[in-house]
Each structure stands twice: as structure tokens, then as C-alpha cells.
Amino acid sequence: MGGLVVVRRKPSQVARESQPEVQQQAPFYIPATNAPTRPRRTLKHNDTFAVLDSHGDIGASAGGGDGLFDCDTRYLSHLELLVNGAQPLLLHSAVDDQNLNYHVDLTNPDIYVDGRIALLKDTLHLSRTIYLCDGSLRERLCVRNHGAEQVDVTISLVFAGDFADLFEVRGISRKRRGRGTVEVMGTDAVRMSYLGLDEAVRQTALQFEPQPTLLTESVASYRMTLAPHAQHVVFASVASGHRLPAPAAYFFRGLVALKRELRSATRSVASIETSNTVINEILCRSMADVYMLMTTTEDGLYPYAGIPWYSTTFGRDGIITAMEMLWLDPAIARGVLKRLARLQATEFDPKNDAAPGKIIHEMRGGEMAALREIPFGRYYGTVDATPLFVVLAGQYAERTGDWALIAELWPAIEKALSWLDGAADPDKDGWIEYARGEESGLANQGWKDSHDSIFHADGRLAEGPIALVEVQAYAYAARVAAATCALAIGHAERARTLQAQAERMRARFEKAFWCDELGLYALALDGEKSPCRVLTSNAGHVLASGIADPGRAAKVAARYMETDFFSGWGVRTVALGQSRYNPMSYHNGSIWPHDNAMIAQGMARHGAKRGVVEMFEGLMRATSYLDHRRIPELFCGFRRKRGRGPTLYPAACSPQAWSAAAPFSLIQSMLGLEFRIKERELRLHGPMVPPLAGALTLRNVRLGDAYADFTIRASQTNRVALEVHRTVGDIQIALSI
């Protein structure tokens, strides 16, 4: 049949050369240029992740940020399967329900030789199974002849590695790069090497089994003769770093090991089932996404923020994900607290926006971070992660009764509190403020960290130092939580001091931030202490902290369900009609699932659970339209219309940890689920069951070593009915209407 056709491509190089310069005012903006011509799929295991297209290829079609990445370096930029030099046709592809492996079914196109069809389409079935393990990508390719005649065919895998830093892939141009080499190692392996400007050597090793018919620096090809219904199996492995790729014999062992690892990590995790099969699919995918993003670190499990751009330790994201998952799996919070305590800043460093006691924002391990071409090696430019760290410690102790860990973490908690009292309040006016140390840092340092996300009613950008409304609430909650912890571990005087600080802050908060004309709290105070009188979702985070006046809190909860805020899919970050409202923006009118979940916590605290139910059902309906039933980082804020799904945001990470965990937080808020350690009691306080979900069955809900399974459903009297299926150990379930 037709001979091998090899097209040498360097798609990653072309992508870098064609990327536009990043806007000066937003140096870490993620550009969206050409839309991907094939849908993208993601896999992750610990520090390694892969972005592949629908065919199982890397870099074979435009866009998408494809690659095999490890510690912020792309070790493989091109991996393309060809049949006699032609791209195969897609039959089907999907990541399995547990996010462990990616299966792709392909077939051959019509193959022509000398103007005549030499191989009819749909004769060959090409089955690809791909997964990640121990820093390597492993693939099994099975080629089967379903024709009635013998087939001679050449199957090729074309590969390349550019060792681009993740931020290069995101669109940042570099004037200089290191030097790369490629070496064929015998008959079955290739090694690509890159000497970076940071003097570090990065390597990619590829191995094929059985040995290819032809192996070059960029192609492994197999000349196959397949009898009718015969098959030929090829194994390929690609290892990042200095690790050698595992041989074919370990393909199946590695997959079994991944399943065992996941089973071990989730053995003690609670599960949820509803009466709605679509919601069940969404919840299953969300749970799988959370645990795919979970990474084994020296401090325990840590949820990396998202794929592809945020697959690393982020302080704020890790904390909020741990909060959302706390009732299901407290081990996540334990790992997050221990890791962030170890990475806590110890000195002043304006280049990294660091100050003693601050919790890290982001850490990176690539070449550009090592050379300080980006400031994120260990970067502390976040104003909210530090108080949220203390809040999480208090919530973890309340959920588990693990005061031993709190005692261990107490020095880190005290350092965080000292930062709140000191560097975070430079003018000593009692408000927690931020201003970046150098121009290279983030201009805005709350969760809405776009350069244009903090503004006045007329659209003017706020000038700092800036005191965000939600950060004051976090600081209040941190002091209350720390007071409880201090009292529990024997620091009674410190507890009284912290409680008094919190009360003084609460007493001043309403006067500084409440805006009668908005019926809402201001977004922020700028450097002149002038309120940013804008309708935003930030004020919703205030409700859960306890700092808000109860009467006003009820008004705020109701305000978020009005149509300028609530789109039908969720609460917008900025209300329709505000000066910078844009439903297609990153932070100024879009819908973020984690943002909705945090607002819902406060709404539930103040009795506005019908709104929480609407938010849950809106998110479920939106996700029912999305690929793989996966909740993305965000989606656009357009109004929901009958018969249409939500409008996607083009550069959203998917999966994203705090988005994947959001429905579990919403469920806890709807059910009013509380854990009372001393009473050995699970309490459902004023629960509501979403009509869309029907009954909710919770299994393996743990209180220490005890656990329970139960179902809660709406009854005909508009109340709820509780059915307890099983309790093991010392545990009671109480229903409080």
C-alpha cells in the first residue's frame, strides 16, 4: 500500500510566534486566539498533566495549549497518530468516569495510491488508551483489521518536544530560550534534552514496544501486515524529567495501581446520590475532578487549582476547595493547612509581595520562574489567603475535633494574625488592604485579580491601597475562629483579645461599607477610603462570616436573586447595568460556581435557603448541557433562555478544583448539615431538598470513626422526611426544622 508520509511540524513554535503581545496593564492575561479545531481532554496525576485533543493527539490541530506538562514545563509538544501519512477519522473518545484513562476509537480514511482507493475507510479500527502515572504518559495502541482481505499499512507516531515554559504556552513571549537536542537511543527509544537559560537540564524519554520498523528523531513507524480480523498492539511511553519510561509490561500494572490509589484516597469520603440521573452524573464527575486535581505532596494531599493553567499549589484555591469539601473529606483540609503553614512567608520581599506570616498565593517550578521572568516562583500577592487559612483551621477543628493539629499549627496561625494586625493594615485604620510591592506583581490581589475588576460606579479603576469588602469579613471570621481555637488549646487571654478585636471590627464595618442606595455592601474602599459603590458578588461573601447586620444580611440575600444578578444559571460577579458589566469578561459579569457556593453559605446562615436551592438547580441545569457533565471554572453571564445551554467562557480551566467542589458545598448549605463533635451528632438544620434532585441519599458521612447513611426527601406536607439506613459507631442524626 501507500508509503510513509512524514510531515515535520513544529506547531508549538508556530503558536509562540503567532501569539499577540500580552497587554501591558495585564501582564499575566491568558489570550484566546484561534479556537481549537478539535475538542480538548485533560488527564492529571500528581505534578504531571496532559492536554490532548479528541483524537488522542497533541499539537495536531490549532489552539488548545496541548502538551504533556510536568512542574510547569511542556515535555511533549507534539504526538500525532497517522495512517499511511493521513490523519485517521474519529469514531468516539472519552475520559473514563474516574478520570483515570482516556480511550479513543479511530478508523482509517480512504487511502489513495496512484489515484485509486487502496484501502477503504472504516476497514481498520485503531483503539488508543492513554493514562498518566509517575511522571509519564503511557499509551496502548491496538490496530485491528475488520476487513475481509489482508491489509498492508504503515502506522506512525510523530512526536516533538519544545520544553516550553507553561507561561510561554499561555502566550508570554521570550527574547531568548535555551538549547535543545534529540538523540535516537538504539532501536526503540528517543531522548530529547533541553539546556535552559537557568542551567537546568530537562529531558523527555520516549520508548516504543515492540521496536518500530523505522525510528528517527521525530517519527516511530510500524509497517504492519494484518490478516482479516488480526490485530497488532503497540505500546508507547513518554517520561518527563530524568525518569525512564516504563516498559510495556507495566502498562496494565500502572493502570491497576492508579485505581488502587484512588480507592485508597476516597475510602473514607462521603458520597451523594439523588433521584435525578443527570445530577448524579454531574456529582460523580465533580467528585472525580476534585480527586484528579488532588496531588500527593510532602505535606499530604493538596488540590491543585485547575488544568491547564493552574496545575500547581494556589493558596486561596486550595483553602476554598478544602472548605467546600470539608464535610465530605476533612483530610483535604488537613493537607492544605499543613502545606500552607510550611510555605508561609518568613521575611519581607517586595518582589514576591511577601511579608512575614502571609500565606502563599502561587508557586511555580518552570524555567521562567527560576529566571524571575515571571514573579511566581513563590509568590505571596494575595490579600485573602491569609485570613482564610485561619478560618479553615477553625472550621477543620469544628468538623473533626482534631485539636492536636491546631496546637501544631498554632505558631503559623499566630503569624498569620500578626500579619493581619501589621503589614496588612499599614495605616492602622483597622481595614485589611493590599498594594503590590512592584509593577511585576498582581495589581489586584483578591479572588477577582483581573486588572479591571475593582472599580467605582462611573467605571474608574480604584487606586490603592484597596480594602475589599469580603476580605474584611474573612479577617473578622479569622479572629473569631482563632479565638475559639486559642481557648480550646489553653490560651484563654489570647482568645479574649481576639474576640474583642473581632467585635471592634464588626461594630465599624456597617458604617464604612453599607450603601443604602445599592441595598448592598460596597465592593471596596479605595486608597482615599472612598467606597466603590458597585453591585458585585463580593458582598455575598460577607454573609457567612457573621460580620453583617442580620437585617441587612437578609436584604443582601434577597438582592442576589433579582434578575440583574441572577441569570437563571447563577449569580453574576457584577450585576447587569453596572458600568463595567460584561457577561463575557473574566470577573465583571461572568458566573463562577465557587463564588455562588460561597454566597450560598451566607444565604443559608440567614435562612434564605430557597435562593440556595435556585442556585443549585441553576448550576445543575447549566452543567447538564456541558461536555462530560463537567463544571468549568466559569461561564458567561448571559440570561438563561428556554431550550438553550449556557454560553461558555473560551479560556476557562476545566476542570477547576473549587468549581468541581461547589455543588457539594451547595448541598451542605441546602441541608444545613452541621457536625457536633461533643454531642456525637449530625444535625440537619432547616433542610430543603431541591425539587430537581428529588430525594438526597448521603452515605458514609463520618463523625470521627463513626459513620451514617441516610436519605432526606420532601414530603407531601411541604416538609422533609428523614430515613436513616445505617449507623456504625457512636453517632446520632437529628433533624431540626
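Look above for the structure.
Before going into details, it helps to say that this report is about the structure given with it. This is a predicted model, so every value here is computed, not measured.

**Describing the sheet that holds strand β3 (residues 67-70)**
Across the sheet, which stays open at both edges, the four strands sit in the order β1-β2-β3-β4 with antiparallel pairing between neighbours. The open sheet terminates on both sides in strands that have one partner only, identified here as β1 (40-45) and β4 (73-76). On average, each strand axis in the sheet is inclined to that of its neighbour by 25 degrees, with strand direction left out of account.

**What about the pattern of salt bridges?**
For the structure shown, the criterion picks out 44 salt bridges. Between D627 and R41 there is a salt bridge; the shortest N-O distance is 2.9 Å. Taken as a pair, D627 in the loop between α14 (609-624) and α15 (657-660) and R41 in strand β1 lie far apart in primary sequence, 586 residues in all. Here D427 ties to K529 by a salt bridge, and the two come within 2.7 Å at their closest N and O atoms. Of this pair, D427 sits in the loop between α9 (403-421) and β24 (467-468) while K529 sits in the loop between β27 (524-525) and α12 (550-559), and the two are 102 residues apart along the sequence. Via salt bridges that share partners, R38, D53, D57, R128 and E139 belong to a single interconnected network.

**Topic: the sheet that holds strand β32 (residues 720-728)**
Here four strands make up an open sheet; going across it, the order is β19-β30-β31-β32 and the pairing antiparallel. Only two strands of the sheet have a single neighbouring strand rather than two, namely β19 (271-274) and β32. The sheet shows a mean angle of 20 degrees between the axes of neighbouring strands, direction not considered. As defined by bridge partners, strand β31 (residues 706-714) adjoins β32 across eight bridges and the pair is classed as antiparallel. Its bridge partner being in β32, Y707 is matched across the sheet by V728.

**Structural notes on the pairing of strand β2 (residues 48-53)**
Counting buried residues in β2 gives six out of six residues, a clear majority hidden from the surface. The side-chain alternation of β2 yields two buried faces, one formed by T48, A50 and L52 and the other by F49, V51 and D53. By the bridge criterion, six bridges tie β1 to β2 in an arrangement that is antiparallel. Counted as the bridge partner of R40 is D53 from β2. Two successive antiparallel strands, β1 and β2, enclose a turn made up of two residues, where N46 displays a positive phi of approximately 55 degrees. In terms of strand pairing, β2 meets β3 through four bridges, oriented antiparallel.

So, how was this worked out
- Residues numbered from 1 in each chain as written.
- Predicted model: local features only at pLDDT ≥ 70, side-chain atom pairs only at ≥ 80, totals over all residues.
- Heavy atoms only, no water.
- Pairing = 2+ DSSP bridges.
- Helix = DSSP H or I, 4+ residues; strand = E, 2+ residues; numbered from the N terminus.
- Axes fitted to C-alpha atoms, helices over the stretch in contact; angles between N-to-C directions.
- Salt bridge = Lys/Arg side-chain N within 4 Å of Asp/Glu carboxyl O.
- Buried < 20%, exposed > 50% of the residue type's maximum accessible area, 1.4 Å probe, protein only.

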